[in-house]
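For reference, the chains in residue letters:
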Amino acid sequence: MDKLNSRRNFLKKTVAASAGLSFTMTGIGTANAKGRSGALRWDRKGRRITVRMPAPSSVSTVEIRIHSSANDYIWEYSDISPDAPKVDHEQTRGVWMESFDKGIEELMNSSQEERFPTVDFVIQPRMEAVFEMKLKEAGEYEFNANGRKPLTEQIRIPDEQVGHWGNRFVQDPKTNKIEAFYMAAKVTKQDSEIEFEFDTLRDDWTGTVSVHDFESKKQLASVPVTWNQTLPKVSTGKGVSRERMIESLSWGTKYILECQDTNPDSDTYGGEFLHYDLAGKTRLRADWSWSWGPSARMLLNASRIEGVDAGMTSRQLMRRAIDLGYASMRQQILEPSHPAYGLVRTIGTEASTADSLFLVGWGWIPLYKATGDYRFLEAGKKVGDTCKKLLDKYNDVWLPQKYILEEKDWAKIMSFETSMGLPGLAHLYLETGEEVYRETMIRLADMLIRVFEREDGLWKVFYLEETGKAVPVNYWTKALGYVVDGLIEAHKAAPEKGYLEKGRRIADHVLKAQLPEGAWTLRFDREAQYVGICDKSTTLWAGMMIRLYKMTGNKAYYESGMRAIEWCMDHQYFGDDPVARGGFVAQNWASGINFRHWWPVVITYSVSFFGDAVSEALSLDEWK
């Protein structure tokens, strides 16, 4: 274990460079509770749970098994939400793109299933994840992409392959059943007593702890761990005021701080989980590193706003933002011979030019400006240089959306969301004055406009290399926000090009579609009952409208942005799930981005975009 412990120590020093950054963020206070079942007793102090029992004289070593209540039902990828518009899978059709619909149908008809067991406590060295299976026929499984293995009645997986929160278990065929999932630890008795303690990742952790003879696996004792504390009621008030915006921003900042991946064995240690799923009681997807940029920017902004109270000093908030930036730089591909050299592993096994540049514009450049740390700037320049090389390679006709690492090839598609790359290029130029980044930005912007723009100003969706044509508009509200973000940031670097007006044409379409209460639907051409109110669209466009007001003086944008901010504050979550507090719970077709349709989910970057919108509003003379 020396190599593993050395890696842990290195990463801990890299990510948690300042002391005092580990604390409970829910505002609950310290929870103390006790319980027992026979000789086995437990007590809780904050997030630490300790179990003790006298050891039988015949037993020297035991196995402690920890079963989380989150695994009473281990949810499956294609589970239908009871809140979906229909009882079958029609709610997945015709909202995004035909190929996505076909993929869902193929998965439903396949012989395999994907389930997501939860580990909502700190994994300790030499623990094992254990599946107890009821097998009906021979098959294979894969756990967290660690290769296919034969299914057996008991599967034991070493701690270094297990992640905090949601883990991915794929089995084929799906006729076999998971009977139980738990984490197991070997414990030796000390002075005739068994004692074991573990730290939970949530304040309200519940489950069962059992003690087994290590040799025979016979159960010696078992005890349920309960939670009976009532959460304090929270309200940030009504209407829009500076005080309410700061209070709401404080809660959003608390939420962002709690999203951190704290598992030292994780490749994304120090980054952030993308989802919190209230129904599954788990966090998911710590591999969307492009989304860490908005969070870093939010934390930087929050550290500068007087009155923000997130349980940290301003200096600690800035330290966390910097560490988040360092975590994202560790995802950069730096092998000189790699086809995607300079890009960032932005979503799992993909490296996207556009997403990497978005990270540069929203995260690395703000961090460089705040700290003067040239590593952020130099990393960003590598991304910009790669973008130029790709434009050269494809003769400014199109730009592959991403490099697929598993396939070792570029995707044959370009999305209108490639506009997300424009802010990175714009700010590389504005910070360095190097004309190459302005020229690259203009080449990219002009190419995207040629390919995607319609006569009415809206953009089409995908360019396919196979056909050389773009797919029609699908009115995706959030994605058009990325387009406008790219165009107005490009305007700052090249005001003579007319990008701002093109952005305003799109914004005016979206402005007309804003609901009276201030939110937007997932697709602004469809009613909420079919696609749902969209948190991501509303938080992003809140900031876009305020920024457009700053640039144009048009009061309609200001009023739109403030209505959206008020809607967000009115819908900020302060319910019974302490993990979700401070976030925005969405239930729409894209609640969980590309799965978990219509389940209640908090998306981390929705909170970050809200933080950006509030920071923009608080900087206005109207709110100073």
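Given the structure is predicted, the values throughout are model-derived calculations rather than measurements. (Residues numbered from 1 in each chain as written. Predicted model: local features only at pLDDT ≥ 70, side-chain atom pairs only at ≥ 80, totals over all residues. Heavy atoms only, no water.)

Undergrad: Would you explain the overall build of the protein chain in this entry?
TA: For the protein chain, the helix and strand inventory stands at 15 helices and 27 strands. For a compact globule of 624 residues, the expected C-alpha radius of gyration is about 25 Å, and the protein chain comes in at 25 Å, within 12% of that figure. Dimensions along the principal axes, computed over C-alpha positions, put the protein chain at roughly 85 × 55 × 50 Å. Within the protein chain, buried positions represent 59% of all 624 residues. Restricting the contact set of the protein chain to residue pairs at least 6 apart, pairs at least 24 apart contribute 70%. When the accessible area of the protein chain is evaluated, it comes to approximately 25,000 Å², of which 48% is carbon and sulfur surface. (Helix = DSSP H or I, 4+ residues; strand = E, 2+ residues; numbered from the N terminus. Rg over C-alpha atoms; globule rule 2.2 N^0.38 Å. Buried < 20%, exposed > 50% of the residue type's maximum accessible area, 1.4 Å probe, protein only. Contact = heavy atoms within 4.5 Å. Areas by Shrake-Rupley, 256 points an atom, 1.4 Å probe, with all protein chains shown as cover.)

Undergrad: Please clarify how the packing of helix 3 (residues 242-258) against helix 4 (residues 292-304) should be interpreted in this entry.
TA: How two helices sit against one another is set out by the angle between their axes and by the gap between those axes. Viewed as axis vectors pointing N to C, helix 3 and helix 4 meet at an angle of 135 degrees, and their least axial separation amounts to 11 Å. What the angle tells us is that helix 3 and helix 4 run oblique. When the axes of helix 3 and helix 4 are compared, the crossing they make is left-handed. Facing Leu-249, Gly-252, Thr-253, Ile-256 and Leu-257 of helix 3, the residues of helix 4 in contact are Ser-295, Met-298, Leu-299 and Ala-302. When the residues that make up the contact of helix 3 with helix 4 are grouped by side-chain class, the tally is six nonpolar, three polar and no charged. (Axes fitted to C-alpha atoms, helices over the stretch in contact; angles between N-to-C directions. Parallel < 35°, antiparallel > 145°, perpendicular 65-115°, else oblique. Left-handed = near helix turned anticlockwise from the far one by under 90°. Nonpolar A, V, L, I, M, F, W, Y, C, P; charged D, E, K, R; others polar.)

Undergrad: Please clarify how the side chain of Arg-47 should be interpreted in this entry.
TA: Tracing the chain through its elements places Arg-47 in the loop between strand 2 (40-45) and strand 3 (48-54). A relative accessible area of 18% places Arg-47 in the buried class. A distance of 2.7 Å separates polar atoms of two side chains, one belonging to Arg-47 and the other to Glu-258. (Polar contact = N/O pair within 3.5 Å; in protein donor to acceptor, adjacent residues only side chain to side chain.)

Undergrad: Would you mind going over the sheet that holds strand 22 (residues 409-410) with me for this structure?
TA: The strands that make up a sheet are held in pairs by hydrogen bonds between backbone atoms, and each pair lies either parallel or antiparallel. Pairing is antiparallel across the open sheet formed by four strands, whose spatial order is 19-20-21-22. Each edge of the sheet is formed by a strand with only one pairing partner; in this case those strands are strand 19 (345-347) and strand 22. (Pairing = 2+ DSSP bridges.)

Undergrad: Help me understand the nonpolar core, please; the structure alone is not making it clear to me.
TA: One broad rule of soluble globular proteins: the nonpolar side chains tend to lie buried together. Counting residues in hydrophobic clusters, the biggest one holds 155 residues, and the most contacted among them are Met-441, Trp-459 and Ile-565. For this core, the leading source of residues is helix 9 (residues 435-452), giving 10 residues. Excluding residues that lie within four positions of it along the chain, Ile-565 makes contacts with Met-245, Ala-542, Phe-610, Ala-613, Val-614 and Ala-617. (Core = buried A, V, L, I, M, F, W, Y, C linked by side-chain atoms within 4.5 Å.)

Undergrad: How should I be thinking about the sheet that holds strand 8 (residues 140-143) in this particular structure?
TA: Spatially, 5-12-8-9 is the arrangement adopted by the four strands of the open sheet, whose pairing is antiparallel. The sheet is open, and its two edges are formed by strand 5 (113-115) and strand 9 (148-150), each paired on a single side. The mean angle between the axes of side-by-side strands here comes to 25 degrees, regardless of whether they run parallel or antiparallel. Direction of pairing for strand 8 relative to strand 9: antiparallel, over a ladder of three bridges. By the bridge assignment, Glu-140 is partnered in strand 9 with Pro-150.

Undergrad: Teacher, can you tell me more about unusual backbone geometry here?
TA: Leaving glycine aside, a negative phi is the common case for residues, and trans is the common case for peptide bonds. For the bond running from Asp-172 to Pro-173, omega is 10 degrees, close enough to zero to count as cis. In this structure, Pro-173 sits in the loop between strand 12 (169-172) and strand 13 (177-188). Positive phi outside glycine occurs at Asp-396, with the angle close to 60 degrees. As for its placement among the helices and strands, Asp-396 is situated in the loop between helix 7 (374-393) and strand 21 (403-404). Look at Asp-396 and you get buried, because its relative accessible area is 18%.

Undergrad: Would you mind showing me how to read the confidence of the model for the protein chain here?
TA: Atom-level detail of predicted coordinates should not be read off regions where pLDDT is low. When pLDDT is averaged along the protein chain, the result is 91, and 93% of the positions lie at 70 or above. Predicted confidence for residues 1-29 stays below pLDDT 50, and this span has 60 contacts to residues more than four positions away or in other chains. (pLDDT = per-residue confidence, 0-100.)

Undergrad: Sorry, what's going on with helix 6 (residues 353-371) here?
TA: Since the α-helix turns once every 3.6 residues, residues separated by three or four places project in the same direction. Counted at 1.5 Å a residue, the expected span for helix 6 with its 19 residues is 27 Å, and the 25 Å between its end C-alpha atoms agrees. Along its length, helix 6 reaches its greatest deviation from straightness, about 40 degrees, at Val-360. Most of helix 6 sits inside the fold, with 16 of its 19 residues counted as buried. At the C-terminal side of helix 6, Gly-372 shows a positive phi close to 75 degrees. (Expected span 1.5 Å × (residues − 1). Bend = angle between axes of the 7 residues up to and from the residue.)

Undergrad: Just checking my understanding: could you explain the packing of helix 5 (residues 314-329) against helix 7 for this structure?
TA: Between helix 5 and helix 7, the shortest axis-to-axis distance is 11 Å and the interhelical angle comes to 35 degrees. By crossing handedness, the relation of helix 5 to helix 7 is classed as left-handed. Of the residues in helix 7, those touching helix 5 at Ile-322, Gly-325, Tyr-326 and Met-329 are Arg-375, Phe-376 and Ala-379. In terms of residue class, the contact of helix 5 with helix 7 is made up of five nonpolar, one polar and one charged.

Undergrad: Help me understand the pairing of strand 16 (residues 219-225), please; the structure alone is not making it clear to me.
TA: Look at any regular strand and the pattern is simple: side chains alternate between the two faces of the sheet. The pairing of strand 15 (residues 207-213) with strand 16 spans six bridges and is classified as antiparallel. Bridging across to strand 16, Thr-208 finds its partner in Pro-224.

Undergrad: Any chance you could explain helix 15 (residues 604-618) here in plain terms?
TA: A rise of 1.5 Å per residue sets the reference length of helix 15, with its 15 residues, at 21 Å; its end C-alpha atoms lie 21 Å apart and thus fit the reference within 8%. Of all 15 residues making up helix 15, 15 are buried, and the element is well covered by its neighbours.

Undergrad: Hey, could you run me through the pattern of salt bridges in this one?
TA: One side chain can pair with another of opposite charge once the charged atoms of both are near each other. The final tally for this structure, using the stated rule, is 45 salt bridges. Between Glu-501 and Arg-504 there is a salt bridge, and its shortest N-O distance comes to 3.7 Å. You can see Glu-501 and its partner Arg-504 sitting in helix 11 (residues 499-513), three residues apart, about one turn around the helix. Classification of Glu-501 as partly exposed rests on a relative accessible area of 46%. Measuring nitrogen to oxygen at the nearest pair gives 3.0 Å for the salt bridge that ties Arg-523 to Asp-525. (Salt bridge = Lys/Arg side-chain N within 4 Å of Asp/Glu carboxyl O.)

Undergrad: What am I meant to see in the packing of aromatic side chains here?
TA: Aromatic ring pairs are reported here in terms of the distance separating the ring centres and the angle at which the planes meet. Evaluated as defined, the whole model comprises 34 aromatic pairs. With centroids separated by 6.3 Å and ring planes inclined at 65 degrees, the aromatic side chains of Tyr-482 and Phe-609 adopt a geometry described as edge-to-face. One end of the pair, Tyr-482, is in helix 10 (residues 477-493); the other, Phe-609, is in helix 15, and 127 residues separate them in sequence. By relative accessible area, Tyr-482 is classed as buried at 1%. (Phe/Tyr/Trp six-rings, centres within 6.5 Å; stacked < 30°, edge-to-face > 60°.)

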